[in-house]
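Notes for the structure review
Here's the letter readout for the chains.
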Amino acid sequence: MTAATGVDFFRSGALPAPVVDQAAAERIAAAQFGLAVHARPLGSQQDSNFLLTASDSTVLGVLKIANPAFSAAEIEAQDAAAGHLAATVGLRVGTVLHGPVTVATASGPAAARVLRYLPGGPLAGPGYLAPAVVAGLGTIAGEVSRGLRYFTHPGLDRVLQWDLRHADRLVARLAGQVRDPGLRSEVQDAARQAWSRVQPLAAHLPRQAVHLDVTDDNVVCRTRDGLRTPDGVIDFGDLTTTWAICELAIAITSVLHHAGAEPCSTVPAIRAFHQIRPLSFEEAAVLWPLVVLRAAVLVVSGEQQAAIDAGNTYVTGALDRERLMFTQATSVPADVMTALILDELGFGHPPLRVPAGTILDQARSQTLDLSSQSDAADGGAWLIPGLEDRLAEQVLASGAATGGAGAVVTRYGEARLTASRTLAEDSPATVATGVDLWLACPAELTAPWAGELTSDGPDHIVLTGGGLTLTLSWSGSDRAVPGGGRPVPAKARLGTLAGGSRLHVNLRAATAPPMPPLVRPEYAPGWLALAADPAPLLGLPPTLGRPPTLGLAPALGLAAGQGAAEDLLARRDASFAAVQELYYRDPPRIERGWRHHLAGTDGRVYLDMVNNVAVLGHAHPRIETAVSRQLRRLNTNSRFNYAAVVEFTERLTARLPAPLDAVFLVNSGSEAVDLALRLALAATGHKDVVAIREAYHGWTYATDAISTSAADNPNAVGTRPRWVHAVDAPNSYRGRYRGADAYRYAPEAAQLIAALAAAGRPAAAFVAEAFYGNAGGMALPAGYLAEVYAEVRHHGGLAIADEVQVGYGRLGEWFWGFEQQGVVPDIVTMAKAMGNGYPLGAVITSRAIAERYRDQGYFFSSTGGSPVSSVVGLTVLDVIRDEGLQANAARVGAHLKARLEELATRHELIGAVHGSGLYLGVEFVRDRGTLAPATGETWAICDRMLELGVIIQPTGDRMCVLKIKPPLCLDAAGADFFADTLDRVLTEGW
Ligand code: PMP
């Protein structure tokens, strides 16, 4: 290699930043560039940087005094590259404004220039980076890489310590600087192994001009709707010609020190980069080893720089995060990450070739389905410790009795719900990298092919041969086995497996790392690419046709469309009207619920804080039993005379005060409110209706007409029919009247009602949620309903309480929302909780009002009040009573509210905590004075909560309130998990 024309780290050694103090920087700015400024030092490892501000605080630029070791050509190259990118790529770029000029520093003459300051701030700091932000970093790196592809300059010829082409010799040279001997040898080993994976492919890696420092520190963001998006790049000081892939490797390494980040967190950046500047197979194959090398380089360089420049707080402060990046980069075997990246970018991985042969000959076997869709998981059985062994025993016992299965086998690549955990912020390891087998009778195990046999005990055997490693373990773990095996021929006897005992079989590439029996779903495509299905060695067909989990289809050689979450979404888009929106842009596939938990098909279990309809909890066994029993007997309509509908309506009226004693049964909240309106119109002969702004009452023609929630229909207020009159939303937190002034809403509403009557259009009804659910569960102002109900009745109208969302015990202290207001409505509507997810709704009014419906004909709903509907309704009421769910809502709700109120004392974003029982709302504001709604933040917080295992969504007209309305069986542990997770998100970022 000829000597570089620019700096050569291996000749010059360490490059401490030039010593320039603040006063000197201000003098340079004035003398060289005519700028009268205040200079504030900014951190840098090898240069000296200052933020220059004028006396009116306007930022004029960044003064950069380059390391004296850098030549004029190098500085020129950097400025030219920045200018080139600014002109050709749609990014903001930190181009040069003034200079360069040569100035004297205590470290010698150095190039000084003023660079453009890009407002918005970098991604620096330890905070969480959302996948979209990580993707933004990848996009910037991709744009820079594509933009610099044909950029050439003599000043690019330099030898930098950051150039990963030199990473092996750099680590060799500087490892001695790492004071902790344990860390030192880890860094050396990891770098050596990574280098051994890069070197054979080095000749195939394209080279070009590379910024070499597109990191969290050097991308700047714009902020839109409270969320940051990287859109600019600064600091071209490390520009050089090297492998193009270094741009991405360096960018994604910088993700790894952020809160909650782990190797798979970098995937959005890899994907984004690949879209702009496609990676070759070789580049994809060396990417993760380069990440490991980058992290190793950072650790050794940081230690060296700290040793020689102990006063540089930027350097010393960086040591912890450099170690964290290294720990994360090596937390997953590099080969697994490489396989994951290849899979992600569509390069695939050739399947392992497994020669014919068997470990044991078995008679009939039965497959044990441990997925989230398995019947064996019903009734919460998946939470029982040791369920897998127990199920296998049962199958074998019944096989022994009936001459059936002599063996039980699990599925390779299956995400096991049995391996999951509830209330877990990290996804548990659920995906099987091998299979487990239980035999009814003892059996001989034989070598399927010739190989080298190693064993560290009678329960753990490893056979290596033909490029494969086969592990048979009785204890379930794939622990390392001492080297030095003995050769064995095919069919050699390996041992005897006792009847009833469990054998774990793993088959992997001989070069692959030892495999845990279960791995986390995020990494499963990486692990499984290095493994193979051992089923054929057990005389079984390969595991095909099983429900694959998260995007595992390609890794398993399965045809696309066999059930991964993404495939299902594509099918949904093709057949289901798109106006029916989903929770989440990237939703998990959920096929099972249990109590207040929802299980993804990848085995991840989420805390469900949204499903108010599933009031008893998901999959309640009493509902299932009662419904199936009734379905076996009779399901017809309410024109027949059967007991269930009578018992149900008796039970409902018993829950309501006089004179509410006449029940109509329908199938949804919309139907219930629609019917209530028709009843009011029929009973009063009036044609107009008064409703509250920002409310939602349903999708039917009439209920939609009285719904003015902007969240459901942004044009709602301006498009109401003439018969609908909206009064102000009585929001005591952010409405026109706040706090103690909220008493003013009622007289205003009464005034409107009186004015309507005076104008000859008296209202048939005033309709409102009795507790303000759509605003996030806010109590109406004291006395509000009493005053408004009195006025509407005064003019011959009726009071309708919509209890669809808030009624049925959720409020804890009150079964119905109107009880909180101390009023009795004329008509009450209910749904949601009534059926625990089964479609059920009701309107309850007085006999006198109900009778007036006759003027319109008679009422009939084909399925409203059917025997099954009635049984569901009865059972829901029974369970609410028997399990004390209203009292639980009061107790757990009070605990949760207190926890959330405590969070509000520490997190400015929380403007208020609303609600009662298990209908709570956490309202996020950007400013507690202006109450500017933090809408973008709320959506992002919900996405981050999902990552951490919590399902929660925004509500309200501004979509800035977390609506907390979980199944009423939520316990204190669940409430604490929610509060702890929210605390973490508000602390780490979203
Ligand atoms: N009223 C209120 C207060 C509601 O919240 C809803 C549903 N969100 C409805 C009526 C309509 O109920 P459904 O979706 O069952 O038709």
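Residues numbered from 1 in each chain as written. Predicted model: local features only at pLDDT ≥ 70, side-chain atom pairs only at ≥ 80, totals over all residues. Heavy atoms only, no water.

**Some thoughts on the overall build of the protein**
Within the protein one finds 26 helices and 38 strands. In terms of overall dimensions, the protein has a C-alpha envelope of 100 × 90 × 45 Å along the principal axes. Sequence-distant contacts, at least 24 apart, represent 74% of the contacts inside the protein between residues at least 6 apart. Taking the average place of the 82 positive charges on the side chains of the protein and the average place of its 99 negative ones, the gap between the two points comes to 2 Å. (Helix = DSSP H or I, 4+ residues; strand = E, 2+ residues; numbered from the N terminus. Contact = heavy atoms within 4.5 Å. Lys, Arg positive; Asp, Glu negative; His and termini not counted. Charge placed at Lys NZ, Arg CZ, Asp CG, Glu CD.)

**Structural notes on the site of the ligand**
Lining the immediate environment of the ligand, one finds S668, G669, S670, Y696, H697, G698, E769, D802, V804, Q805 and K832. D802 places a side-chain nitrogen or oxygen 2.7 Å from a nitrogen atom of the ligand. Contact distances for the ligand include 3.1 Å between an oxygen atom and a side-chain N or O atom of Q805. Its free accessible area being 390 Å², the ligand has 83% of it covered by the protein chains. The class makeup of the residues in the shell around the ligand is two nonpolar, six polar and three charged. (Near = heavy atom within 4 Å. Polar contact = N/O pair within 3.5 Å; in protein donor to acceptor, adjacent residues only side chain to side chain. Areas by Shrake-Rupley, 256 points an atom, 1.4 Å probe, with all protein chains shown as cover. Nonpolar A, V, L, I, M, F, W, Y, C, P; charged D, E, K, R; others polar.)

**A closer look at the confidence of the model for the protein**
Per-residue pLDDT for the protein has a mean of 93; in total, 96% of the residues score no lower than 70. A low-confidence stretch, residues 545-563 stays under pLDDT 50, and its non-local contacts, those more than four residues away or across chains, total 45 contacts. (pLDDT = per-residue confidence, 0-100.)

**Structural notes on the packing of helix α5 (residues 167-174) against helix α6 (residues 181-198)**
In the contact formed by α5 and α6, the axes pass within 10 Å of each other and the chain directions differ by 165 degrees. In terms of orientation, α5 lies roughly antiparallel with respect to α6. Of the two elements, α5 crosses α6, and the hand of that crossing is left-handed. Contact residues: α5 offers A167, D168 and V171, while α6 offers V187, Q188, A191 and W195. Looking at the contact of α5 with α6 residue by residue, the classes come out as five nonpolar, one polar and one charged. (Axes fitted to C-alpha atoms, helices over the stretch in contact; angles between N-to-C directions. Parallel < 35°, antiparallel > 145°, perpendicular 65-115°, else oblique. Left-handed = near helix turned anticlockwise from the far one by under 90°.)

**As for α6**
An ideal rise of 1.5 Å per residue puts 26 Å on 18 residues; α6 measures up with 26 Å between its terminal C-alpha atoms. Listed as buried for α6 are L183, V187, A190, A191, A194, W195 and V198. For α6, the angular spread of buried residues about the axis comes to 135 degrees, placing them on one side. Projecting away from the buried face of α6 at angles above 90 degrees are the exposed residues P181 and R192. Tucked inside the fold, the buried residues of α6 contact α5, β10 (240-243), α9 (281-308) and α10 (313-329). The opening residue of α6 is D180, an N-cap whose side-chain oxygen sits 2.8 Å from the backbone nitrogen of G182. (Expected span 1.5 Å × (residues − 1). Buried < 20%, exposed > 50% of the residue type's maximum accessible area, 1.4 Å probe, protein only. Arc of directions from axis to C-beta.)

**Structural notes on the pattern of salt bridges**
For the structure shown, the criterion picks out 54 salt bridges. Here R926 and D225 are joined by a salt bridge, their closest N and O atoms 2.7 Å apart. Taken together, the residues R926 in the loop between β35 (919-924) and α25 (935-947) and D225 in the loop between β8 (219-224) and β9 (227-233) connect sequence positions 701 residues apart. Note that E988 and R944 form a salt bridge whose closest N and O atoms lie 2.6 Å from each other. Within this pair, whereas E988 is found in helix α26 (residues 972-988), its partner R944 is found in helix α25, the two being separated by 44 residues in sequence. (Salt bridge = Lys/Arg side-chain N within 4 Å of Asp/Glu carboxyl O.)

**Brief notes about the pairing of strand β1 (residues 38-42)**
Here five bridges tie β1 to strand β2 (residues 48-53), and the two strands are oriented antiparallel to one another. Residue pairing in the sheet places H38 in a bridge with T53 of β2. Adjacent in sequence and paired antiparallel, β1 and β2 are bridged by five residues. (Pairing = 2+ DSSP bridges.)

**Section: the environment of N641**
Counting through the fold element by element, N641 comes out in the loop between α15 (621-633) and α16 (643-654). On the basis of relative accessible area, N641 is assigned to the exposed category, the value being 77%. Taking the C-alpha atoms as reference points, N641 and W594, separated by 47 residues in sequence, lie 35 Å from one another.

**Overview of the sheet that holds β9**
The strand order β4-β9-β8 describes an open sheet built from three strands, whose pairing is mixed. One side of each edge strand has no neighbouring strand; the edge strands of this open sheet are β4 (92-93) and β8. Pairing of β4 with β9 involves two bridges; the strand directions are parallel. Bridge pairing in β9 places V93 opposite V233. Across the face of the sheet, helix α4 (residues 131-147) comes into contact with β8 and β9 while running at roughly 15 degrees to β9.

**Quick word on the packing of α15 against helix α23 (residues 867-882)**
Axis separation between α15 and α23 bottoms out at 9 Å; the angle between their running directions is 155 degrees. Relative to α23, the element α15 is oriented roughly antiparallel. In this structure, α15 crosses over α23, and the sense of that crossing is right-handed. Contacts between α15 and α23 involve R622, I623, A626, V627, Q630 and L631 from the former and P867, V868, V871, V872, T875, V876, D878, V879 and D882 from the latter.

**Quick word on the packing of aromatic side chains**
Enumeration over the complete set of coordinates arrives at 13 aromatic pairs. Judged by centre distance (5.4 Å) and plane angle (85 degrees), the ring pair of F9 and F10 falls under edge-to-face. Note on accessibility: F9 and F10 belong to one class, buried. Between W816 and F818, the aromatic rings sit 6.3 Å apart at their centres with planes inclined by 5 degrees, giving stacked as the arrangement. With a relative accessible area of 0%, W816 lands in the buried category. Judged by relative accessible area, which is 2%, F818 ranks as buried. Each residue in the set Y808, F815, W816 and F818 is aromatic and connected to the rest through ring pairs, giving one cluster. The ring of Y128 has R944 lying over it, and the distance from NZ or CZ to the ring centre is 3.8 Å. (Phe/Tyr/Trp six-rings, centres within 6.5 Å; stacked < 30°, edge-to-face > 60°. Lys NZ or Arg CZ within 6 Å of the ring centre and 35° of its normal.)

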